[in-house]
Amino acid sequence: MILLRFRIRAATRGLAPVAARACLLFLPGLMAVLWWPSSPKESEPTTRPNHSPPPHEVNVWGQEGEGLAISRDAWLHAATRGPTPPPPVRKAAGPAVGVGSGFKMVGSVAVLEGDELTATPSGSGFGLDKDDLAEVSRRFIAAFGDNYDQIAVFLGFTDRLSQQSLAYQQPVKNNIRGLGLGLFDETAKFGSLSGRMESMLNMKRINLYGRDAANDPQNDLYSVWAQEAGHRWAIYFKYRFAGETTDRSDLLLRQNAHWAPWVQSDGSFLDGLTWQDNKDGTFSVVDFNKRYGAMDQYAMGLRQPNEVPAFFLLDDFKDEAGAAIARNSRFNRGVKYKARRIDVTVEDVIRAMGARDPATSPAAEDLRMGVVFLTPPGQGLAPLMGEAFRVESTRAPWDGFYNASAGGRGKVCTALLHPCRGPAFAFGKPSLSAAGRVPGVAGPGDALTISVPVTNVGTEAAVANVNVGGANPFVFAATTVATPPLEPGATGSVVLQTQVPQSVACGVDFKLDFQAPGRLGPSLGSQPLQVGLQPGPGSTLEAADTPALWQINPDGTDTAVLGMWQWGTPEPTKAFDFVLQPAGAVSGTKAFVTGAAAGDSPGANDVDFDVLQPTVGRTTLQSPNFALAGLTNPRLTYQLHFVAAGFEKEVLVPGNQDAFFVQASLDGGPWVEVDRVPATLFLGWEQRVVPLSATLQAALATAAQIRFRFVAQDSDLSETVVEAAIDDVFLLGELPGCGTLVAAPDAGVDGGVVSPSDNGCSCRLGQRRHTSSGAWLSALFAACAYAVRRKPRSSASRGFAEPSMRLHRAFAKFIKRCS
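What counts and how
- Residues numbered from 1 in each chain as written.
- Predicted model: local features only at pLDDT ≥ 70, side-chain atom pairs only at ≥ 80, totals over all residues.
- Heavy atoms only, no water.
- Pairing = 2+ DSSP bridges.
- Helix = DSSP H or I, 4+ residues; strand = E, 2+ residues; numbered from the N terminus.
- Axes fitted to C-alpha atoms, helices over the stretch in contact; angles between N-to-C directions.
- Phe/Tyr/Trp six-rings, centres within 6.5 Å; stacked < 30°, edge-to-face > 60°.
- Buried < 20%, exposed > 50% of the residue type's maximum accessible area, 1.4 Å probe, protein only.
- Lys NZ or Arg CZ within 6 Å of the ring centre and 35° of its normal.
- Contact = heavy atoms within 4.5 Å.

A. Just the sheet that holds strand β14 (residues 336-344), in detail. Spatial strand order, β11-β12-β14-β13: four strands in an open sheet with antiparallel pairing. The open sheet is flanked by β11 (273-277) and β13 (311-318), the only strands paired with a single partner. Each strand of the sheet is rotated relative to its neighbour by a mean of 50°, with strand direction disregarded. Pairing analysis gives six bridges linking β13 to β14, with the strands arranged antiparallel. Bridged to D315 within β14 is R340.

B. How the structure looks around the packing of aromatic side chains. Tallied over the entire structure, the rule returns 33 aromatic pairs. Taking 5.5 Å as the distance between ring centres and 40° as the angle between the ring planes, the aromatic pair formed by W550 and F592 counts as tilted. Here W550 is found in the loop between α9 (546-549) and β26 (551-552), whereas its partner F592 is found in strand β30 (residues 591-594), with 42 residues between them in sequence. Here W550 matches F592 in class, with each residue buried. Where F626 meets F708, the ring centres are 6.4 Å apart and the plane angle is 40°; that geometry is what we call tilted. Highlighted residues: F626 in strand β32 (residues 626-627) and F708 in strand β38 (residues 705-714), separated in sequence by 82 residues. Summarising the burial analysis for this pair, F626 and F708 share the class buried. These aromatic residues form a ring-pair network of at least three members: W550, W565, F592, F626, Y638, F642, F660, F708 and F710. A cation over a ring is seen here: K590 above W567, with NZ or CZ 5.2 Å from the ring centre.

C. Region of the structure containing the pairing of β38. Counting buried positions over the ten residues of β38 gives eight, a clear majority of the element. Pairing between strand β31 (residues 617-622) and β38: six bridges, direction antiparallel. Considered in β38, the bridge of R618 is made with Q713. The pairing of strand β35 (residues 659-666) with β38 spans eight bridges and is antiparallel. From the neighbouring strand, A659 faces β38, where its bridge partner is Q713.

D. Here's a closer look at the sheet that holds strand β20 (residues 465-469). Strand order across the open sheet formed by four strands is β21-β20-β23-β24, with antiparallel pairing between neighbours. Strand pairing shows two members of the sheet lacking a second neighbour, β21 (480-482) and β24 (523-529), which therefore form its edges. Neighbouring strand axes in the sheet, compared pairwise and without regard to direction, differ in orientation by 25° on average. Two strands pair when backbone bridges link them, and strand β23 (residues 510-516) and β24 are joined in this way by seven bridges, in the antiparallel orientation. Opposite D513, over in β24, you have S526 as the bridge partner.

E. The environment of V504, seen in detail. As for its position among the elements, V504 is in the loop between β22 (491-499) and β23. Once the C-alpha coordinates of V504 and P444 are considered, the two residues, 60 residues apart in sequence, prove to be 6.0 Å apart.

F. Layout of the environment of R327. Structurally, R327 can be placed in the loop between β13 and β14. Apart from residues lying up to four places away in sequence, R327 is in contact with D250, P261, W262, L313, L314, D315 and F317.

In structure tokens, the structure reads:
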């Protein structure tokens, strides 16, 4: 298929405008002719395709309107009576395809840069459809394992395909009878080959809930989140009284998936109210959208039928003066309403729906939920990292909110790399030891011992049976090594024995991936490992003479007023719970920081801070000379904490054109820039390793010494905050014998995706298979995709540009799934 695409591209290079026009006009007709549904052959199944129901949403008006405007009645079919399906089976998942590959991690939020397969162009922006969500799910599972029941996706853009809804739930699987849902299973389409994944949540944009969402469990964010999580099971009930032959459906209202306001539903998150019977013929609303009610918990498998008390619904509403009130009115707290009470029991529901089977759900009892932040295509991660941090800061409170919402009967875990309970482990930075080398150094051909710290972050004492893998050239004597028994909070280590390949690439980041099984799921980890580098001169910045050896504002031209470089112990500074300045150094207690004291405001140590107005700011720190003798292909390594942030709608965004950069001077010669960090929002200390030969070139080989300047600069006049800290500045050199072995590629967005099965793929429409026409039609799609993606070169073809791009993206999705 790849070769065919290449040949088509070469053959059609001069025909793009004509081909684009032809594809747009004639390809739909060709599809209709070739794939028109026909009567199935006798040997093919005649059952209804296995599709999940449409999403359920919370709309922007609370309880008014349909939001997505999708009719569930056209999709839902009654659960047939027959053999009882087996209970959900927690199959053991294999190791993830490169832990975290294709994602950045902000705490326990997996940040994914959007592209044409994860977001659909719509107008001037983007939106999400079911295929986009399936692609996000496939990539997440490939990177973090098939150990999740739900995935909640937050967006860094407005979803233009469902602008009226705050959030919605996309069903993936249901094998439970008695809920009012049909039986369906699209787990393979969503990348869950173990069949565990059950639903996805499109939580839209965190900014809609305001800055205080992270600190306020009463914020609407949490009740909306709870509603969408609960929609996996609830609420689709009907009921039938004894002696009746017709089911009643008036428990439900919006989309036939939410409680009607006249039902006493314990203030359910599913649009539910708590009605109080005043025992005088009147009823009052106590609260609403506060918890998972008793019937919700029954639907979720958290209560048995004998644990569900009777409830009631109301009819014939009147106000206290006797005037009739519509049944679907908004009912206010503190007001008494006259009404007729109709008692309902869980047995009445079971009479209509059948018993819940299986009676319990492991997913609700111990819900494992992944949290993803998806950025818009083409924008990169940096501008949205502040928003991703806000998602992370709401995640932990959500765990506690869910755990309390059903009276402690169910728990959720959103930790990304390990379970929240039971045996759970975190993996620290490996240390190296090779015979005849200084600690931490290993070279080509060395017998290498790698010690990996393992901490029990769970709630039970356990042994960690650690399996090691990842993108690295090492062959380990044993790939599974056990720690001693570890109490909760205790740290042990595993020791791995290997041989460094003779042709290893020096200074290349290799990945060590770790996995340790546990009762509630595996713990995963990934750590970088470098070999072939030996330390040269440098400084930990701890010595008492450090201020005398390092110069601040060496040329007297710096413009910073308060945020000048200072030697000391960094004190934490925050804005909106985002760390602007770290608490402490990387090693020891001392570092250079742009104003070490915390100050009384987030901008107190800002590089360009001025009492009256923002000004262009610059502060420079110059190192002493470091000798280069004995260093082959030297590198600079240093620890950096750098934030250049603006405050847009109370969310941190990178400051425009702010920067941190490093200059080097050989033997007192001119200053040359060797490293630059653009305006960004780092979430902690980062070790930077900078090859010097690329910028200093041949002069480096003959120089005797080198010194550096570290510059933090606010280059614009907007109200941004620039703060920086550095620690542990050293030179590194390659060991003799280093080769050019190339590191294994990171299994990222392309390499780490689990290919979907045929389920849900548009290659097969209706029930006819076209084995002969499928291949050449796929080739035609490829040709058209290439033709329409080319930039129009004439005014006549310019009108086709926008639809052509949309068609190209649709073809790209098609080819990705079907070729």
